[in-house]
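Chain residues, written in single-letter form:
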Amino acid sequence: MSKRKNKSVSFNLENERDKKNHDHATRINPLTGKPINFSDYVKELIEDDRKRKESGGGRIVQQVIEETIVRKEKDAYTLEAMNGFL
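As a starting point, this report considers the structure included with it. Note that the structure is predicted; figures quoted are calculated from it, not measured.

The rules we used
- Sequence order as written defines the numbering, with residues in each chain counted from 1.
- Per-residue local features are limited, in this predicted model, to residues with pLDDT of at least 70; the limit for side-chain atom pairs, both in listing and counting, is 80 or more; totals at the level of whole chains, interfaces and linings are taken over all residues.
- Calculation of side-chain values draws on the structure's entire complement of heavy atoms; hydrogens and water are dropped beforehand.
- Going along the chain from the N terminus, every DSSP run of H or I of four or more residues is numbered as a helix, and every run of E of two or more is numbered as a strand.
- Exposure categories follow from relative accessible area, calculated using a 1.4 Å probe and restricted to protein chains: below 20% of the type maximum is buried, above 50% is exposed, and the middle band is partly exposed.
- The Shrake-Rupley method, run with a 1.4 Å probe sphere, supplies the accessible areas, and residue values consider only the shown protein chains as cover.
- We define a salt bridge as a side-chain nitrogen of Lys or Arg found within 4 Å of a carboxyl oxygen belonging to Asp or Glu.
- Stacked, tilted and edge-to-face pairs are distinguished by plane angle, under 30 degrees for stacked and over 60 for edge-to-face with tilted covering the rest, among Phe, Tyr and Trp rings (Trp via its six-membered ring) whose centres lie within 6.5 Å.
- Should the NZ of a Lys or the CZ of an Arg lie within 6 Å of a ring centre and within 35 degrees of the ring normal, that charge is described as sitting over the ring.

With that settled, consider the overall build of the protein chain. The helix and strand inventory of the protein chain stands at three helices and zero strands. Along the protein chain, from the amino end to the carboxyl end, the secondary structure elements read α-α-α. Classification of the 86 residues of the protein chain by burial places 6% in the buried group. Surface summary for the protein chain: the accessible area is close to 8400 Å², and the carbon and sulfur share equals 54%.

Spelled out as structure tokens, the structure:
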């Protein structure tokens, strides 16, 4: 059994967000003139995310998500309530 695990990342180049993320992740390293090491880059992002969550930084993300949900619900209610007056 292999000691390595591979996970692939799919980018839909017709999707604006995916295309920007792909272009960013496959950019040229200005110091070496070569493409960045995609595998190392993804591992660094995962490690940063893990460390942030371990130090309590993940709570900030959850708070932003919850505030966004509340804001959307509030806006939806306001629009629904105003609809009768328009």
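On inspection of all chains with the given rule, the structure shows seven salt bridges. Its salt-bridge partner being Arg 52, residue Asp 49 comes within 3.7 Å of it at the nearest N-O pair. With Asp 49 and Arg 52 both in helix H2 (residues 38-54) and three residues apart, the pair spans about one turn of that helix. With relative accessibility at 30%, the residue Asp 49 sits in the partly exposed group. Taking the relative accessible area as the measure of exposure, Arg 52 reaches 43% and is therefore partly exposed.

Turning our attention to the packing of aromatic side chains. Within the structure shown, the criterion is met by one aromatic pair. It is Arg 27 that lies over the ring of Tyr 41; its NZ or CZ is 5.2 Å from the centre.

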